[in-house]
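If you want the building blocks of each chain, they are given just below.
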Amino acid sequence: MQTILIVDDDAAIGDLEQEVLARAGYAVQRAYSGTEALLLLKNRRPDLVLLDLMLPGLTGEEVLPQLQGLPVIVVSAKAAVQDKVALLLGGAADYLTKPFDTKELLAAVYTCGDLTLNTVSHEVRAAGVPVTLTRTEYALLKLLMQNPGQVLAKSVLLDRISSDTPDCTGSSLKTHISHLRAKLRAATGRDNIEAVWGIGFRLRV
């Protein structure tokens, strides 16, 4: 089970986020200040951090540089474009503006290890680096992220993405996967997708 750390001093918003994420099958940790978040991270590293900016003590902007190697989604009422750009350049994987729809929250936190996929914007990041994918590569990655660590047969991959990607066939699947693996490897420095000989592929977790 993936763990998400919510760092927010607003108990009501944190409670809402926790309820939505727990129903979606995530384990949730809570921190109410930047200092508390950093103390928690010394003992356990979550799969994703939802970080508010206006926190008591250390602000979200001060905490963000200390979260290197972790996917971080900033959740803040600050809506100015320059704020979003600065935080994304500073290492945030995505930015969610308060108030938000719960469906938007679930879409934004679609993550697996150092990979994040936003089904609203269709943005993909690997180790915080934006990755440009074709429509077929995006569909394949999304399906693999829905089943982390599970081997998906080639026939299953083709069947599940057929309605969205008619260009992907039995003969071209390997090429699409190869291009996807190369793009992710260039960003993360490791092979995120494993080929299981004679069966199919799986996303390494």
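Keep in mind it's a predicted model, so treat the numbers as computed, not measured.

### Brief notes about the layout of surface pockets
Alright, step 1. When its volume is computed, the largest pocket comes out at roughly 250 Å³.
Alright, step 2. Looking at the lining of the largest pocket, its residues break down into nine nonpolar, six polar and two charged.

### Some details on the environment of Tyr26
Alright, step 1. Inspection of the secondary structure assignment puts Tyr26 in the loop between α1 (11-23) and β2 (27-31).
Alright, step 2. When the C-alpha positions of Tyr26 and Val196 are compared, they lie 28 Å apart, and in sequence the two are 170 residues distant.

### Examining α1
Alright, step 1. Its 13 residues give α1 an end-to-end C-alpha distance of 18 Å, which sits within 8% of 18 Å, the value for a rise of 1.5 Å per residue.
Alright, step 2. Listed as buried for α1 are Gly14, Glu17, Val20 and Leu21. When α1 is viewed along its axis, its buried side chains cluster within an angular range of 135 degrees and face the same direction. Residues Ala12 and Arg23 are exposed on α1 and point more than 90 degrees away from its buried face.

### Some thoughts on helix α8 (residues 173-188)
Quick reminder: α-helices carry 3.6 residues per turn. Residues three or four places apart thus point the same way.
Alright, step 1. Between its terminal C-alpha atoms α8 stretches 22 Å, which fits the 22 Å expected from 16 residues at 1.5 Å a residue.
Alright, step 2. Leu173, His176, Ile177, Leu180, Arg181, Leu184 and Thr188 are the residues of α8 that are buried. The buried side chains of α8 occupy one side of the element, clustering within an arc of 130 degrees when seen end-on.
Alright, step 3. Buried residues in α8 make contact with β7 (115-117), β8 (124-126), α6 (135-146), α7 (154-161), β11 (193-196) and β12 (200-203).
Alright, step 4. One or two steps after α8, the chain reaches Gly189, where phi turns positive at roughly 80 degrees.

### Observations regarding the pattern of salt bridges
Alright, step 1. Under the counting rule described, the total for this entry stands at 10 salt bridges.
Alright, step 2. Arg30 is paired through a salt bridge with Asp15; the nearest N and O atoms lie 3.0 Å apart. Within this pair, whereas Arg30 is found in strand β2, its partner Asp15 is found in helix α1, the two being separated by 15 residues in sequence.
Alright, step 3. Judged by its relative accessible area of 14%, Arg30 falls in the buried class.
Alright, step 4. Given a relative accessible area of 43%, Asp15 falls into the partly exposed group.
Alright, step 5. A salt bridge links Asp191 to Arg181, with the nearest nitrogen and oxygen atoms 2.7 Å apart.

### What about the confidence of the model for the protein chain?
Alright, step 1. Here the protein chain averages 85 in pLDDT, and 93% of its residues register 70 or above.
Alright, step 2. Averaged pLDDT values over the elements of the protein chain bottom out at 69 in helix α4 (residues 81-89) and peak at 94 in α8.

### Quick notes on the sheet that holds β8
Alright, step 1. Here we have four strands laid out as an open sheet, ordered β6-β7-β8-β9, and antiparallel in their pairing. A single partner strand is all that each edge strand has here, and the edge strands are β6 (111-112) and β9 (129-131).
Alright, step 2. Bridging between β8 and β9 involves three bridges; their strand directions are antiparallel. Bridge assignment links Arg125 to a residue of β9, and that residue is Pro130.
Alright, step 3. Each of β6, β7 and β8 touches α6; the most contacted strand, β7, lies at about 115 degrees to it.

Criteria and cut-off values
Residues take numbers from 1 onward in each chain, read along the sequence in its written order. Owing to the predicted nature of the model, reporting of local features is limited to residues with pLDDT of at least 70; listing and counting of side-chain atom pairs is limited to 80 or more, with chain, interface and lining totals taken over all residues. Think of the side-chain values as coming from all heavy atoms in the structure, minus any hydrogens and water. The pocket and cavity definitions rest on a 1 Å grid over protein atoms only: a 1.4 Å probe that fits but cannot leave marks a cavity, an open set with protein on both sides within 12 Å along at least five of seven lines marks a pocket, and residues lining either have an atom within 4 Å of a point. Grid points are joined across faces, edges and corners, and a volume is the space filled by probe spheres set on the points. For this classification, Asp, Glu, Lys and Arg are treated as charged, while Ala, Val, Leu, Ile, Met, Phe, Trp, Tyr, Cys and Pro are nonpolar and the rest, including Gly, are polar. Secondary structure elements follow DSSP: runs of H or I no shorter than four residues count as helices, runs of E no shorter than two count as strands, and numbering proceeds from the N terminus. Multiplying 1.5 Å by the residue count of a helix minus one yields the expected span of that helix. Categorising residues by exposure relies on relative accessible area from a 1.4 Å probe, with only protein chains included: less than 20% of the type maximum marks a residue as buried, more than 50% marks it as exposed, and the intermediate range marks it as partly exposed. Directions pointing from the helix axis toward each C-beta atom define the arc. Throughout, a contact is declared for two residues whenever any of their heavy atoms are within 4.5 Å. By definition here, a salt bridge exists when the distance from a side-chain nitrogen of Lys or Arg to a carboxyl oxygen of Asp or Glu is within 4 Å. Known as pLDDT, the predictor's confidence for each residue is given on a scale from 0 to 100. Two strands qualify as a pair provided that DSSP identifies no fewer than 2 bridges between them. Every axis in this analysis is a line fitted to C-alpha atoms, fitted for helices over the stretch in contact. Angles between the N-to-C directions lie between 0 and 180 degrees.

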